[in-house]
Every structure is written in C-alpha cells, then in structure tokens.
Amino acid sequence: MKVWLFLMGAILSEVVATSALKASDGFTRLWPSVLTAGGYMLAFYLLSQTLRHIPVGVAYALWSGIGIVLVSLIAWLLYGQKLDLAAVAGMGLIIAGVAVINLFSKASAH
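Keep in mind the model is a prediction, meaning the values are calculated, not measured. (Residues numbered from 1 in each chain as written. Predicted model: local features only at pLDDT ≥ 70, side-chain atom pairs only at ≥ 80, totals over all residues. Heavy atoms only, no water.)

K.L.:
How should I be thinking about the UniProt feature "transmembrane region" (unreviewed entry) in the chain in this particular structure?
P.N.:
Residues given the UniProt feature "transmembrane region" (unreviewed entry) here are residues 30-48, 60-79 and 85-104. From the first C-alpha to the last, residues 60-79 spans 26 Å; its make-up is 100% helix and 0% strand. With 100% helix and 0% strand, residues 85-104 has end C-alpha atoms that lie 28 Å from one another. (UniProt positions renumbered as here; feature names shortened; annotations may be inferred. Helix = DSSP H or I, 4+ residues; strand = E, 2+ residues; numbered from the N terminus.)

Right under this line is the structure:
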C-alpha cells in the first residue's frame, strides 16, 4: 500500500511542478520557478522509490495518464485552457486505461 502512496505523491508533485512551470513565465518569476524545481525533484525521488516495487511500464503508464488528466484540469481551472469534446473524450479514455491497468492487469504489483 505504501508504494501506491509514493506513486500518487510522485504524480501530484509532478502535476504541481508542471502547473508552476506555466506560472514561472520561462523561469523569470522566482517562487513559481522554485516550486517547479522542487516539485520535479520530489516527483522523481518518489517515482524512484515506486520503481523498487512496481514495474516501470505500469508505473509510467499511471504517472503519465493520471498526470495528463490532472494537468489538463488544472490548466482549465487556473489558466482558462479550453477543453473541447475530443479532449474530454480522450481524457475519459485515459482514465479508463488507468482503471483497466489497476483492476485487470497482472503486470501491476498488487
């Protein structure tokens, strides 16, 4: 169970870092830049701990899929990014893929 908390922490850290990257305005704003660097460092540390127990393909599929959806939602909420029907449908498919991996794949470490 602890390994899944590490993975979720890695994903959330990466999502915060990526969101702050937009706010850093090309690393010209100090605090968003610091948050970006710190968030990515924490994300990669937590991901490295996750990979001790979960296969890299599964961990990365979850990392990228969940990250894409969360970053898109944050961009929509904070930065006014438009999400059309195709984007929402695509994110739905990503969520479905993450669910299939977690519920049915023997490749993930349960």
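Structure's up, so let's keep going.
K.L.:
I tried to follow the nonpolar core on my own but got confused; where do I start?
P.N.:
What tends to happen in soluble globular proteins is that the nonpolar side chains get buried as a cluster. Of all hydrophobic cores here, the largest spans 15 residues; its most connected members are W4, L7, L47, I54, L62 and W63. If you list the elements that add at least two residues to this core, you get α1 (2-23), α2 (30-50) and α3 (56-79). At six residues, α1 tops the list of elements feeding residues into this core. (Core = buried A, V, L, I, M, F, W, Y, C linked by side-chain atoms within 4.5 Å. Buried < 20%, exposed > 50% of the residue type's maximum accessible area, 1.4 Å probe, protein only.)

K.L.:
Would you mind going over a nonpolar patch on the surface with me for this structure?
P.N.:
Nonpolar side chains collect at one region of the surface, where L73, W76, L77, L78 and Y79 lie side by side and expose about 540 Å² of accessible area between them. The topology assignment puts L73 in helix α3. Residue L73 is classed as partly exposed on the basis of its relative accessible area, which comes to 35%. (Patch = residues over 30% accessible without salt bridge, like charges linked within 9 Å, V, L, I, M, F, W, Y side chains within 5 Å. Areas by Shrake-Rupley, 256 points an atom, 1.4 Å probe, with all protein chains shown as cover. Salt bridge = Lys/Arg side-chain N within 4 Å of Asp/Glu carboxyl O.)

K.L.:
How do you make sense of the packing of aromatic side chains when you look at a structure like this?
P.N.:
Two measures describe an aromatic ring pair: the distance that separates the ring centres and the angle between the ring planes. For the coordinates displayed, the defined rule picks out one aromatic pair. Here F44 and W63 contribute two aromatic rings whose centre-to-centre distance is 5.8 Å and whose plane-to-plane angle is 35°, an arrangement assigned as tilted. Of the two residues, F44 sits in helix α2 while W63 sits in helix α3, which places them 19 residues apart along the sequence. For W63, a relative accessible area of 8% corresponds to the buried category. It is K22 that lies over the ring of Y79; its NZ or CZ is 5.9 Å from the centre. (Phe/Tyr/Trp six-rings, centres within 6.5 Å; stacked < 30°, edge-to-face > 60°. Lys NZ or Arg CZ within 6 Å of the ring centre and 35° of its normal.)

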